[in-house]
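Here is how the chains run, residue by residue.
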Amino acid sequence: MNTLQARLHSIEWLASGILGFDFRPVGEDQWPTAPAGSHIDVHLPSGLVRSYSLVNAPGERHRYAIAVNREESGGGGSRYMHDQLRVGQVLSISAPRDSFPLNEAASHSVFIAGGIGITPLWSMVQRLSQIGVPWTLHYSTRTPEGAAFADTIAVLASRAGGRVHMNFDGGMSCKRLDLGAIVASAPPDAHVYCCGPIRMLEAFESACAQRDPALVHREYFAAPAAPQSAGATDQEFTVKLTRTGKTIPVGAGMSILDAVLKAGVDVSHSCMSGICGACVTNILDGVPDHRDMVLSDAEKNSGETMMICCSRAKSPELTLDL
């Protein structure tokens, strides 16, 4: 896996429980341009790899900035970032990947953010402001103290003509955003985006059920329990890897990713749960059982690619471009 060498230039307090990390290139002047909504993988000294959305203004190549919410019940990546990383450290990061693309040609865009879900949307809002496209942001947190970028978003909106609606629900369901009303009031041709907790995203998808799928965009930070599709199975199957010439059995309790890594094949990966897109792999033959939250319905129906960290096979064998 190709990586970039990054020096931690600064750490900034952004909101209650949220720190900003500013990475700069080591041994080179510039990094690849990152489209709005992109994320990078951070390879931590502990061995963990975690994906984080970029929050700096699109077009910047001298740095990549991320915001990390401390999750006490998570897998330890955010706690390590908060407690162990120090300014001056050099880490490996991936080049940016854009699995949550912004449609810059939209006449209007409506963004719905819950908590740390503001991160990819903040990047998108900055980009639309750069090119003069109107936008509306609905941003909900439990308290004002937990709203990262709130002040800078307000300043940008006043300068660029955007509209911001802040909501502080205190953790009470009766004060949550009315996603049905927000989506219903959006112009018919507006693109709508959502990023936040699983409950918010499920409500968003329900609210958008009658909307053109091409206008609806969402990104998960945690994977919900996904129902199996028709023909799905957790039985053993085989994957054939054309580049390495290996044929590998995948057991009922094992992912394709685990199987190929165990066989000594180096594959790009990060979240291990089908939400980041790092392990996207081309399918050359066979029928996949898609269980990820990244690919669109059209992409899944095409059968051309899959996320091997969570998806399986409906056919006895899959042939992959690995």
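Values in this document were obtained by computation on a predicted structure and should not be read as measured data.

A word on the overall build of the chain
For the chain, the count of helices and strands is 7 helices and 18 strands. For the chain, the C-alpha radius of gyration of 20 Å lies close to 20 Å, the compact-globule estimate for 322 residues. Across the 322 residues that make up the chain, the buried fraction comes to 48%. Taking all contacts inside the chain whose residues are at least 6 apart in sequence as the whole, residues at least 24 apart take part in 65%. Carbon and sulfur atoms provide 49% of the accessible area of the chain, an area that totals close to 14,700 Å². Separation of charge centres in the chain, based on 26 positive and 32 negative side chains, amounts to 4 Å.

Looking at the pairing of strand β2 (residues 18-25)
Across the 8 residues of β2, 7 count as buried, placing the element largely inside the fold. The pairing of strand β1 (residues 4-15) with β2 spans 8 bridges and is classified as antiparallel. Across the sheet, Leu8 pairs through a bridge with Phe23, a residue of β2. Sheet topology places β2 next to strand β5 (residues 64-69); 6 bridges connect them, and they run antiparallel.

Things to note about helix α3 (residues 150-160)
All buried positions along α3 are accounted for by Ile153, Leu156 and Ala157. The buried residues of α3 all sit within an arc of 100 degrees when viewed along its axis, so they share a single face. Summarising the geometry of α3, the exposed residues directed more than 90 degrees from the buried face are Asp151, Ser158 and Arg159. Buried-residue contacts for α3 involve α2 (118-131), β8 (135-141) and β9 (163-168). The first or second residue beyond α3 is Gly161, which carries a positive phi of 80 degrees.

Quick notes on the packing of aromatic side chains
Counted by the stated rule, this structure contains 4 aromatic pairs. Judged by centre distance (4.5 Å) and plane angle (25 degrees), the ring pair of Trp31 and Tyr64 falls under stacked. With Trp31 in the loop between β2 and β3 (39-43) and Tyr64 in strand β5, the pair connects residues that are 33 residues apart, well separated along the chain. Given a relative accessible area of 0%, Trp31 falls into the buried group. Taken together through their ring pairs, the aromatic side chains of Phe100, Phe111 and Tyr193 make up a single cluster.

The rules we used
- Throughout this document, residue positions are counted from 1 along each chain, in the order its sequence is written.
- Totals for whole chains, interfaces and linings use all residues, but because this is a predicted model, local features are given only for residues with pLDDT of at least 70 and pairs of side-chain atoms are given and counted only at 80 or more.
- Note that the side-chain values use all heavy atoms of the structure and ignore hydrogens as well as water.
- In this text, helices come from DSSP runs of H or I with a minimum length of four residues, and strands from runs of E with a minimum of two, each type numbered from the N-terminal end.
- Throughout, radius of gyration means the C-alpha value; the globule benchmark is 2.2 Å times the number of residues raised to the power 0.38.
- To sort residues, take the accessible area from a 1.4 Å probe on protein chains only and compare it with the maximum for the residue type: under 20% means buried, over 50% means exposed, and anything in between is partly exposed.
- A contact between two residues is defined here by any heavy atoms of the two lying within 4.5 Å.
- We get accessible surface area from the Shrake-Rupley algorithm with a probe of 1.4 Å; when it comes to residues, only the shown protein chains can shield them.
- Counted charges follow a simple rule, with Lys and Arg positive, Asp and Glu negative, and His plus the chain ends left uncounted.
- Charge positions are represented by NZ for Lys, CZ for Arg, CG for Asp and CD for Glu.
- Pairing between strands is defined by DSSP: at least two bridges between them are needed.
- As used here, the arc is the angular range of directions from the helix axis to the C-beta atoms.
- By convention, a stacked pair of Phe, Tyr or Trp rings (six-membered ring in the case of Trp) has centres within 6.5 Å and planes under 30 degrees apart, an edge-to-face pair has planes over 60 apart, and any other such pair is tilted.

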